[in-house]
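One-letter residues, chain by chain:
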Amino acid sequence: MENTRNLVIIPTYNEKENIEAIIAAVFSLPRRFEVLIIDDNSPDGTAGIVKQLMQQHEGQLHILERAGKLGLGTAYITGFKWAVEQGYDYIFEMDADFSHPPKDLISLHDACLNGADLAIGSRYISGVNVVNWPMGRVLMSYFASVYVRFITGMKIMDTTAGFKCYTRKVLETIDLDNIKLKGYSFQIEMKFTTWKFGFNIVEVPIVFTDRTQGTSKMSGGIFNEAVWGVIKMKIASWFKSYKR
């Protein structure tokens, strides 16, 4: 297997219960992954825990600290830019709360090694693989993806998934400063833009398990942005060029 530079970006806000364990889980995998934590000035001291761990994992664990809670989308864009500047080959998105199984980083990496430009850890490619969610939230998430497919024309089953692997060329091609949606809809816009550029997108089945430690960051405004943001995104795409 080729020797690639792999970076897992994990945004954090108050994740002290999970952060040490998630980093350990990634570093215990049989393939080398580096980790970049993007911390939004967590009041619970998440960043301090990461800095202590960095002494044991020099060159493998990194942190970027931001002034406050600036949103998921901007956290990932900050991480993507850093990853491209540093020359990583494969750039992963993952939550800190174990809802994304760390072992599946290998499956996402394999998908990209085998020709995917974007590999998505998908809850819905083989049935509905979600554990510990109330039925209402499962239905809302599932039908959000149905809605996004209807508006955009994408064939992706899990359009809101946040567990992904990008090849560097995708992140170099997309104008990251032009990604408008900031909350969970950011995940939709990144997939849509990748798809419009004609990149090869592959969904890899995962089992998503809701967090057991810490608190969820979901809110009503997120869904509002998704509904109207997706329509605006689609209309805006009619006036853009997607030439590589």
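Residues numbered from 1 in each chain as written. Predicted model: local features only at pLDDT ≥ 70, side-chain atom pairs only at ≥ 80, totals over all residues. Heavy atoms only, no water.

Visitor: Can you lay out the overall build of the protein for me, pointing to particular residues and giving the numbers?
Guide: Within the protein, the secondary structure is distributed over eight helices and nine strands. For 244 residues, the compact-globule formula gives about 18 Å, and the C-alpha radius of gyration of the protein, at 17 Å, lands near that figure. With the principal axes as the frame, the protein shows a C-alpha extent of 50 × 40 × 35 Å. When contacts within the protein are restricted to residue pairs at least 6 apart in sequence, those whose partners lie at least 24 apart make up 80%. When the accessible surface of the protein is totalled, it reaches about 11,000 Å², and 55% of it is carbon and sulfur. In the protein, the 27 positive side-chain charges and the 26 negative ones have mean positions that sit 7 Å from each other. (Helix = DSSP H or I, 4+ residues; strand = E, 2+ residues; numbered from the N terminus. Rg over C-alpha atoms; globule rule 2.2 N^0.38 Å. Contact = heavy atoms within 4.5 Å. Areas by Shrake-Rupley, 256 points an atom, 1.4 Å probe, with all protein chains shown as cover. Lys, Arg positive; Asp, Glu negative; His and termini not counted. Charge placed at Lys NZ, Arg CZ, Asp CG, Glu CD.)

Visitor: Which residues make up the packing of aromatic side chains, and what values do they have?
Guide: Applying the stated rule across the entire model yields ten aromatic pairs. Taken together, a centroid distance of 5.4 Å and an interplanar angle of 70° make the contact between Phe80 and Tyr166 edge-to-face. Of this pair, Phe80 sits in helix H3 (residues 72–86) while Tyr166 sits in strand E7 (residues 164–167), placing them 86 residues apart in sequence. Here Phe80 matches Tyr166 in class, with each residue buried. Look at Phe192 and Trp195: their rings are 5.9 Å apart centre to centre, the planes differ by 40°, and that puts the pair in the tilted class. Of this pair, Phe192 and Trp195 both sit in helix H7 (residues 185–196), three residues apart, roughly one helical turn. According to the relative accessible area criterion, Phe192 is buried, its value standing at 1%. (Phe/Tyr/Trp six-rings, centres within 6.5 Å; stacked < 30°, edge-to-face > 60°. Buried < 20%, exposed > 50% of the residue type's maximum accessible area, 1.4 Å probe, protein only.)

Visitor: Quick rundown of the pattern of salt bridges? Include the residues and the values.
Guide: Oppositely charged side chains may form a pair once their charged atoms are brought near each other. On inspection of all chains with the given rule, the structure shows eleven salt bridges. Residue Asp89 is joined to Arg168 by a salt bridge in which the shortest nitrogen-to-oxygen separation is 3.6 Å. Taken together, the residues span a long stretch of sequence, with Asp89 in the loop between H3 and strand E4 (90–93) and Arg168 in helix H6 (residues 168–173) at a distance of 79 residues. Between Glu93 and Lys164 there is a salt bridge, with its nearest N and O atoms 3.6 Å apart. With a gap of 71 residues between them, Glu93 in strand E4 and Lys164 in strand E7 connect regions that are remote in the sequence. For Lys164, a relative accessible area of 0% translates into the label buried. (Salt bridge = Lys/Arg side-chain N within 4 Å of Asp/Glu carboxyl O.)

Visitor: Go over unusual backbone geometry, please, and point to the residues and values.
Guide: Of all residues except glycine, most have a negative phi; of all peptide bonds, most are trans. The residue Asn14 is not glycine, and still its phi comes out positive at about 55°. Although it is not a glycine, Phe98 adopts a positive phi angle of roughly 70°. Note on placement: Phe98 falls in the loop between E4 and helix H4 (104–113). Look at Phe98 and you get partly exposed, because its relative accessible area is 32%.

Visitor: Can you break down the sheet that holds E7 residue by residue, with the values?
Guide: Within the open sheet, the seven strands sit side by side as E3-E2-E1-E4-E7-E5-E8. Their pairing is mixed. This sheet does not close on itself; its edge strands, each paired only once, are strand E3 (61–65) and strand E8 (201–205). For this sheet, the mean angle separating the axes of adjacent strands, direction not counted, is 20°. The strands that helix H1 (residues 19–27) touches are strand E1 (6–12), strand E2 (34–39) and E3; relative to E2, the one it contacts most, it runs at about 155°. This element, helix H2 (residues 46–56), spans E1, E2 and E3 of the sheet and lies at about 150° to E3. (Pairing = 2+ DSSP bridges. Axes fitted to C-alpha atoms, helices over the stretch in contact; angles between N-to-C directions.)

Visitor: Can you break down the side chain of Thr46 residue by residue, with the values?
Guide: Residue position: Thr46 is located in helix H2. For Thr46, the side chain forms a polar contact with the main-chain nitrogen of Lys16, separated by 3.3 Å. (Polar contact = N/O pair within 3.5 Å; in protein donor to acceptor, adjacent residues only side chain to side chain.)

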